[in-house]
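Chain and residue survey
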Amino acid sequence: MIAYLKEELASFDGFRNRNVTLHLDDEYKPGGGDALWAAVQFAAADVLVIAKSAMSYVSALYNEKCVVYVQQWERPKLAAWVDGENLDRPSFKSELQGCLSRIPN
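Quick summary incoming for the structure in this document.

1. Focus: the overall build of the protein
Along its length, the protein carries four helices and five strands. Starting at the N terminus, the α and β elements of the protein follow one another as β-α-β-α-β-α-β-β-α. Restricting to contacts in the protein with at least 6 residues of sequence separation, those with at least 24 account for 15%. Carbon and sulfur atoms form 57% of the exposed surface of the protein, whose accessible area is close to 7200 Å².

Written as structure tokens, this is what we have:
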């Protein structure tokens, strides 16, 4: 699993303890990394949980697998995306299972 995160926080130690590769904000600052490379990785991800950012939203538009959406101001949720808010709703589990079923074996 690879996680692309905006900033470094001690709370990410749980990810590190599970051998998740972290790509943090400092790698994508001007002169520090390649934002296009990151966007391509987002678009190709098996599961993309998007942030409230234009970069993740545009990448999600190209992702044909599983996208978990959070409210994007005036950017609409596509029909195939899972609503990542209100996880207690009765349909969440089946929506997520349908999303995950689009990941090739």
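2. Focus: the nonpolar core
Ala38, Phe42, Ala45, Leu48, Ile50, Tyr57, Ala60, Val67, Tyr69 and Trp81 together form the largest nonpolar core, which totals ten residues. If you list the elements that add at least two residues to this core, you get α2 (35–44), α3 (54–61) and β4 (66–69). Beyond its immediate chain neighbours, meaning those up to four positions away, Tyr69 contacts Ile50, Tyr57, Arg75, Pro76, Lys77, Trp81, Val82, Asp83, Gly84 and Glu85. Counting residues in each nonpolar core, the second largest holds five residues, with Cys66, Val68, Phe92 and Cys99 among its members.

3. Quick word on the environment of Ser56
Along the polypeptide, Ser56 turns up in helix α3. Residue Ser56 is classed as buried on the basis of its relative accessible area of 5%. On a C-alpha basis, the gap between Ser56 and Ala39 in space is 7.1 Å, while along the polypeptide they are 17 residues apart. If sequence neighbours within four positions are ignored, Ser56 has contacts with Phe42, Leu48, Ile50 and Ala51.

4. Here we look at the sheet that holds strand β5 (residues 82–83)
An order of β3-β4-β5 is seen for the three strands of this open sheet, with the pairing classed as parallel. The open sheet terminates on both sides in strands that have one partner only, identified here as β3 (47–49) and β5. As defined by bridge partners, β4 adjoins β5 across two bridges and the pair is classed as parallel. Following the sheet pairing, Tyr69 is matched in β5 by Asp83.

5. Let's talk about α2
Those residues of α2 not exposed but buried are Ala38, Ala39 and Phe42. Mapping the buried residues of α2 onto a view down its axis gives an arc of 100 degrees, with all of them on the same face.

6. Observations concerning the pairing of β4
Regular strands have side chains that alternate between both faces of the sheet. In β4, alternate side chains face the same way, and those of Cys66 and Val68 on one face and Val67 and Tyr69 on the other are all buried. Pairing analysis gives three bridges linking β3 to β4, with the strands arranged parallel. Residue pairing for β4: Val49 is matched across the bridge by Val68. Handedness of the crossover is the feature at issue here: the chain leaves β3, passes through α3, returns alongside β4, and the resulting connection is right-handed.

7. Re the environment of Ala39
With respect to the element layout, Ala39 can be found in helix α2. Between the C-alpha atom of Ala39 and that of Ser59, which follows or precedes it by 20 residues, the distance is 5.6 Å. Sequence-distant contacts of Ala39, defined by excluding residues within four places in its chain, comprise Met55 and Ser59.

The rules behind each value
Residues numbered from 1 in each chain as written. Predicted model: local features only at pLDDT ≥ 70, side-chain atom pairs only at ≥ 80, totals over all residues. Heavy atoms only, no water. Helix = DSSP H or I, 4+ residues; strand = E, 2+ residues; numbered from the N terminus. Contact = heavy atoms within 4.5 Å. Areas by Shrake-Rupley, 256 points an atom, 1.4 Å probe, with all protein chains shown as cover. Core = buried A, V, L, I, M, F, W, Y, C linked by side-chain atoms within 4.5 Å. Buried < 20%, exposed > 50% of the residue type's maximum accessible area, 1.4 Å probe, protein only. Pairing = 2+ DSSP bridges. Arc of directions from axis to C-beta. Right-handed = clockwise from strand over helix to strand, strands pointing away.

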